[in-house]
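Geometric and topological summary
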Amino acid sequence: MKHYLYFEATALLYILTFVTFIFFFAGVFVTISLWRRGKAKSLYHSVSTPAIIKAFIVNVVLQLQIIKFSFIRWVMHFCIFIGFMGLLALTAWEAFLADILPASSALVRLFFNNGGRLILDVWGEVFGTMLLAGLIIALLRRYVFRVAQLDTILKDTVSIVLLLIISVSGFIAEAFRLMAIPGSPDLIYSFVGLLFAKVFAAAGIPMLNYKLFVWLHGLAAMLFIALIPFSKMWHAFASPIEIILDASEKQGKHEEEVAAAHYSVSRS
Amino acid sequence: MENEVKIDQETPVREVKVENLSMRQLLELDACTRCGECSNWCPAYEQDKREPINPRGRAYDFRRLIRRQYGLLRPDGFLGKLFGKKPITEAEIKRIAADLYECSTCRQCHFVCPVSIDTVELWEAIRRSFVEAGYGPLDSQKDLVTSVKSYDNPWRQPRSSRARWTRVAKKKKRIKEEPKDLGKNKAEVIYFVGCTGSYDVNVEEVAINTVNILEHSQTDFGILGNKEKCCGSVLLRMGDRESFETIAQENIKQFNELGIKTLVTSCSGCFKTIKEDYAKVGGMNFDIKHTAEYLVELIKSGKLELKHEVKMKVTYHDPCHLGRHSGVYDAPRELLRSIPGIEFVEMERSREFSRCCGAGGGLKAGYPDIQNKISQQRISDAIATGATELVSACPFCYQGLQVGIQAMNAPITMRDITELVYRSLTGKTEQERPAAEGEAEAE
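Residues numbered from 1 in each chain as written. Chains lettered and ligands numbered in written order. Predicted model: local features only at pLDDT ≥ 70, side-chain atom pairs only at ≥ 80, totals over all residues. Heavy atoms only, no water.

Listed as interface residues are 42 residues of chain A and, on the opposing side, 45 residues of chain B. The contact between chain A and chain B buries some 3700 Å² in all, and 54% of this surface belongs to carbon and sulfur atoms. Viewed at the interface, chain B and chain A are joined by seven salt bridges. With a shortest N-O distance of 3.4 Å, Asp 246 of chain A and Arg 24 of chain B are connected by a salt bridge. Only helix 1 (11-35), helix 6 (154-180) and helix 9 (235-267) of chain A provide two or more residues apiece to the side of chain A that touches chain B. If one sorts the elements of the side of chain A that touches chain B by residue count, helix 9 of chain A sits on top with 14 residues. (Contact = heavy atoms within 4.5 Å. Buried area = accessible area lost by both parts, 1.4 Å probe. Salt bridge = Lys/Arg side-chain N within 4 Å of Asp/Glu carboxyl O. Helix = DSSP H or I, 4+ residues; strand = E, 2+ residues; numbered from the N terminus.)

Laid out in structure tokens, this is it:
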């Protein structure tokens, strides 16, 4: 494991992670408490599970409703959403392997000591690249082309900048890690990190301690997670709920209307 | 500007409660991604490019307001004091209220929202909170609300003259007989005329044509006459939910006791209110249909035969309450296509993307200039098709669009869909009928 210079968690990291989650869950609690102040009826029709599943796939995961208005917006949002979720899943999976499972387990050995780590490398590269690509489009639309429909407030900028720091610092850290192990046959699995490393080498940028960037990456990610319930990124949780509720309500209403029409025909 | 906010930093601020909203609606405020797609479509924002009046801005402002009242950083809380947060001012709340009412509740924003936020329900719930706190509706809209409460119609007309149009029409031979009074007789169908069709002489032909068509098809129908009350749409749209529920319950009780099978209305606002909003107040033992839907059924069942050619090039304006709110897009088109001789052309924006006429949601009363501009924009859409007639299926849209036609002196004529049906049915216009019938009688 040390051969590849992967980052090893320290007590400080655990403490900061704990604090991050305290903030995150406190924010979630405060927000949901505010939602719970609403006393009017939320749903008027019977719940439609097929409609919920369909909306989750089509509108939450694939986000196809955005394409009909703008293909480039769909690419941007799909890349940011899937990229971020992929990286979140990667972090969760690594935490599970490192902190929950015993070090002697076959899964831990597979992913940390054998070929499985290459899967983790590719996983991080693919989703990290998606996130970075989406963020570049977002930056261009919002700050360079200044698309008319966008109205930028501080919350928008904070979210984009934090995500950008997370994404870029991750690739820089990976580049410096790869520069420390030249000639390894596994470098190609970190293809974007390798590209960064080659650019740094060509530009004469000396190899810095990659751990500094891992810390920058980690701290930015923690700040980002702690801020989720208070920031624009909260929509990543609230929006999917609204999408599936709306789909269920529409389908439920439709089914009730069909039933009522049937009743009306049989009555007459 | 009619609803200018006077700055008054000293007046104590009243709480705008969130209890009138549902959990889902409070979640919707957080679900807004601020993508701004709504700003590309909002008819009011198209005419008044201020961020706070587009749906994104409205959601943002209300979210900020309630966070200031209940959030972690509320000014009277520990963290609020620590970070020096200032309380929201009376002027800010009044500004938010004024912007909240600069909306025709057309529901276009719901259809373009990638998150499908149920925007109009949300605005109406927020308006309710503003009304309860004493910040809504706007002064220029209060007359409508007061009038509905006092006279059962928004036009300050006495209850006793609600059915006057039937007597006048009978006298002028525009209708054969006064429709059956359902207060005294039974019928299978009630024709719910609505306040605009009943009181506005400029659009009374909508009611007259509908009555003539129903008679022609030998439909067993009647009206409530002076006992008909406003559907309450105005109250609901303005945010006076409590008064709306009272009037809705009274109407539901009255309708249910009539023993009717179907309620037919030619007003899209009444249709939406009775079909969609009454359903949330109480159960109804009859079907609710818009005239366009009912006439299509009559044609299909062979009770109506549209045999006379009507040589016109027409385009159709989807009323927001019939289309986006109630999902009725096909029936009016089917009806127009079944009229021989009609050349029907669609506007570039139609069906769920139809541009609003601006008359709904209190916008016409609150912001007549904006409504006028919105209406002119829609008239331009219609003129671009090359049509000579602009057809709709709502007396309120008829009024609203007529404003634009007059302002532009536009080369297009406003028609209600029932007028064209009547022409095709009889081969003459409703105005031509008395003379023609008089001649026939003389012969």
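From this point, things continue past the structure.
Let us now look at the state of the cysteines. All names here are of chain B. A complete count under the given rule lists zero disulfides over all chains for this structure. Sulfur of Cys 106: no disulfide; nearest cysteine sulfur belongs to Cys 356 and is 4.7 Å away. Not engaged in a disulfide, the cysteine Cys 230 finds its nearest cysteine sulfur in Cys 195; these two sulfurs lie 3.9 Å apart. (Disulfide = S-S within 2.5 Å.)

Once that is clear, we can look at the sheet that holds strand 9 (residues 413-416) of chain B. Residues and elements named next belong to chain B. Strands sit in the order 7-6-8-9 across an open sheet of four strands; the sheet is parallel. In this open sheet, the two strands that pair with only one neighbour each are strand 7 (342-345) and strand 9. Taken over all neighbouring pairs, the strand axes of this sheet differ in orientation by 35° on average, direction set aside. Pairing between strand 8 (residues 389-392) and strand 9: four bridges, direction parallel. (Pairing = 2+ DSSP bridges. Axes fitted to C-alpha atoms, helices over the stretch in contact; angles between N-to-C directions.)

Before going further, it helps to spend a moment on helix 8 (residues 210-227) of chain A. All names here are of chain A. Helix length check: helix 8, at 18 residues, gives a terminal C-alpha distance of 26 Å against a target of 26 Å (1.5 Å per residue), a fit within 8%. Of all the residues in helix 8, the buried ones are Tyr 210, Phe 213, Val 214, Gly 218, Ala 220, Met 222, Phe 224, Ile 225 and Ala 226. Buried positions along helix 8 lie against helix 1, helix 3 (71-100) and helix 6. (Expected span 1.5 Å × (residues − 1). Buried < 20%, exposed > 50% of the residue type's maximum accessible area, 1.4 Å probe, protein only.)

Moving on to unusual backbone geometry. Across the chain, the bulk of peptide bonds are trans and the bulk of non-glycine residues have phi less than zero. All names here are of chain B. For the peptide bond that leads from Gly 136 to Pro 137, omega is -5°, which places it in the cis range. Tracing the sequence through the fold places Pro 137 in the loop between helix 7 (119-132) and helix 8 (139-151). Even without being a glycine, Gln 218 presents a positive backbone phi close to 60°. By the secondary structure assignment, Gln 218 is in the loop between helix 11 (204-216) and strand 3 (221-223). By relative accessible area, Gln 218 is classed as exposed at 73%.

For helix 3 of chain A, which comprises 30 residues, the first-to-last C-alpha distance of 41 Å matches the rise-based estimate of 44 Å (1.5 Å per residue) to within 8%. Looking at where helix 3 of chain A begins, the residue whose side-chain oxygen comes 3.1 Å from the main-chain nitrogen of Arg 73 of chain A is Ser 70 of chain A. (Polar contact = N/O pair within 3.5 Å; in protein donor to acceptor, adjacent residues only side chain to side chain.)

Attention shifts here to a nonpolar patch on the surface. Residues and elements named next belong to chain A. Residues Ile 53, Phe 56, Ile 57, Leu 62, Leu 64, Ile 67 and Phe 71 make up a contiguous nonpolar surface patch of roughly 620 Å² in combined accessible area. A total of three residues in the nonpolar patch trace back to one element, the largest contributor, which is helix 2 (residues 49-61). Turning to its location among the elements, Phe 56 is positioned in helix 2. (Patch = residues over 30% accessible without salt bridge, like charges linked within 9 Å, V, L, I, M, F, W, Y side chains within 5 Å. Areas by Shrake-Rupley, 256 points an atom, 1.4 Å probe, with all protein chains shown as cover.)

Moving on, we get to the pattern of salt bridges. Enumeration over the complete set of coordinates arrives at 55 salt bridges over all chains. Notably, a salt bridge pairs Asp 156 of chain A with Arg 34 of chain B, separated by 3.6 Å at the nearest N-O pair. A residue pair is termed interchain when its members come from two chains, as with Asp 156 of chain A in helix 6 and Arg 34 of chain B in the loop between helix 1 (23-31) and helix 2 (43-47). For Arg 159 of chain B, the salt bridge identified is with Asp 152 of chain B, shortest N-O distance 2.7 Å. Here Asp 152 of chain B falls in the buried class, since its relative accessible area comes to 11%. Look at the salt bridges and you will find they share partners, linking Asp 48, Arg 50, Asp 61, Arg 64, Glu 92, Arg 95, Asp 99 and Glu 102 of chain B into a network.

Attention shifts here to empty space enclosed by the protein. One pass over the structure, following the stated rule, counts eight cavities of 30 Å³ or more. In this structure, the largest cavity occupies an estimated 580 Å³ of space. What lines the largest cavity is a set of 33 residues, among which Met 76, His 77, Lys 232 and His 235 of chain A together with Thr 33 of chain B lie closest to the centre. Contributing elements (two or more residues each) for the lining of the largest cavity: helix 2, helix 3, helix 5 (116-144), helix 6 and helix 9 of chain A. (1 Å grid on protein atoms, 1.4 Å probe; cavity = no way out; pocket = protein on both sides within 12 Å on 5 of 7 lines; lining within 4 Å. Points joined across faces, edges and corners; volume = space filled by probe spheres on them.)

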